[in-house]
Amino acid sequence: MNPPLGRDFDTALAAVMGDLAVEVDALHASLIEERLALDQGDAQALDAAGRTKGNLLDRIEKLDVERRQLDAAAGVDSLADPRWAPTIDRLRECRGLNETNGRIVGQRMSHVRQALAVLSGEAPGGGTYGPNGVAKVKLRSATLAQV
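Remember, predicted model here, so these are calculated numbers, not experimental data.

So, how was this worked out
- Residues numbered from 1 in each chain as written.
- Predicted model: local features only at pLDDT ≥ 70, side-chain atom pairs only at ≥ 80, totals over all residues.
- Heavy atoms only, no water.
- Phe/Tyr/Trp six-rings, centres within 6.5 Å; stacked < 30°, edge-to-face > 60°.
- Lys NZ or Arg CZ within 6 Å of the ring centre and 35° of its normal.
- Core = buried A, V, L, I, M, F, W, Y, C linked by side-chain atoms within 4.5 Å.
- Buried < 20%, exposed > 50% of the residue type's maximum accessible area, 1.4 Å probe, protein only.
- Helix = DSSP H or I, 4+ residues; strand = E, 2+ residues; numbered from the N terminus.
- Contact = heavy atoms within 4.5 Å.
- 1 Å grid on protein atoms, 1.4 Å probe; cavity = no way out; pocket = protein on both sides within 12 Å on 5 of 7 lines; lining within 4 Å.
- Points joined across faces, edges and corners; volume = space filled by probe spheres on them.
- Nonpolar A, V, L, I, M, F, W, Y, C, P; charged D, E, K, R; others polar.

Visitor: Help me out: how do you make sense of the packing of aromatic side chains in this one?
Guide: Note on aromatic pairs: each is described by the distance of the centres and the angle between the planes. A complete count under the given rule lists 0 aromatic pairs for this structure. Across from the ring centre of Trp 84, 5.6 Å away, lies the NZ or CZ of Arg 67, which sits over that ring.

So, in C-alpha cells, the structure goes:
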C-alpha cells in the first residue's frame, strides 16, 4: 500500500469508526430507554424507543457497509484494528440489553395470550392445529358478566 492510500484509508476508517461509535452509544442509550419504558409500562415511550432503535440500527448498518467497502478497497480487515475494540464491546452490551428486553416483551405477550384465553373460555395452552398445520382459533362470543 502506498503512503497516500494508507493515510487516506486510515483517515476514512477513523471517521467511520468514530461515527459507528457514536451511533452504537446512542443505540445503547435507546435500549436503556426501552427497558425503562417496559418497566414503567409506558406504551408511548416504548413506541418512541422502538422507532429510535430501528433508525439507529439502520444507520449502524449503513456505516458498517461503508467500513466493509473501505476494507475491500484497501485489502484489510479493520475489525482487527485495536481502535475498534471499545465499539465491539459496546455492541456486545447492546446485544445483551436487546435480548433482555426481548425476553421481557415475550413474557408479557405470553401473559396477554393467557389472559385472552381465559377471557374467551379456552383452557390456557389448549390451542390445537388443523390438518393444514395452521393454528385453530376458536372465536366465540360469551357473556363475561351481566349486570
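Moving on from the coordinates now.
Visitor: I'm lost on the nonpolar core in this one. Help?
Guide: In globular proteins that are soluble, nonpolar side chains generally tend to be buried together. Within the largest apolar cluster, 15 residues are counted, with the highest numbers of intra-cluster contacts made by Phe 9, Leu 20, Leu 27, Ile 60 and Cys 94. Listed by contribution, the elements that provide at least two residues to this core are helix 1 (3–40) and helix 2 (43–74). A total of 8 residues in this core trace back to one element, the largest contributor, which is helix 1. Non-local contacts of Cys 94, meaning those with residues more than four positions away in its chain, are made with Val 24, Leu 27, His 28 and Leu 31.

Visitor: I tried to follow the layout of surface pockets on my own but got confused; where do I start?
Guide: Using a probe with the size of a water molecule, rolled over the atoms, empty space left in the structure can be pinpointed. Of the voids in this model, the second largest pocket is the one considered here, and its volume is about 160 Å³. Every element with two or more residues in the lining of the second largest pocket is listed here: helix 1, helix 2 and helix 3 (85–119). Broken down by element, the residue count for the lining of the second largest pocket peaks at 6 residues, all from helix 3. Here the residues of the lining of the second largest pocket are counted per class, giving 6 nonpolar, 1 polar and 3 charged.

Coordinates in, geometry out; function isn't part of it.
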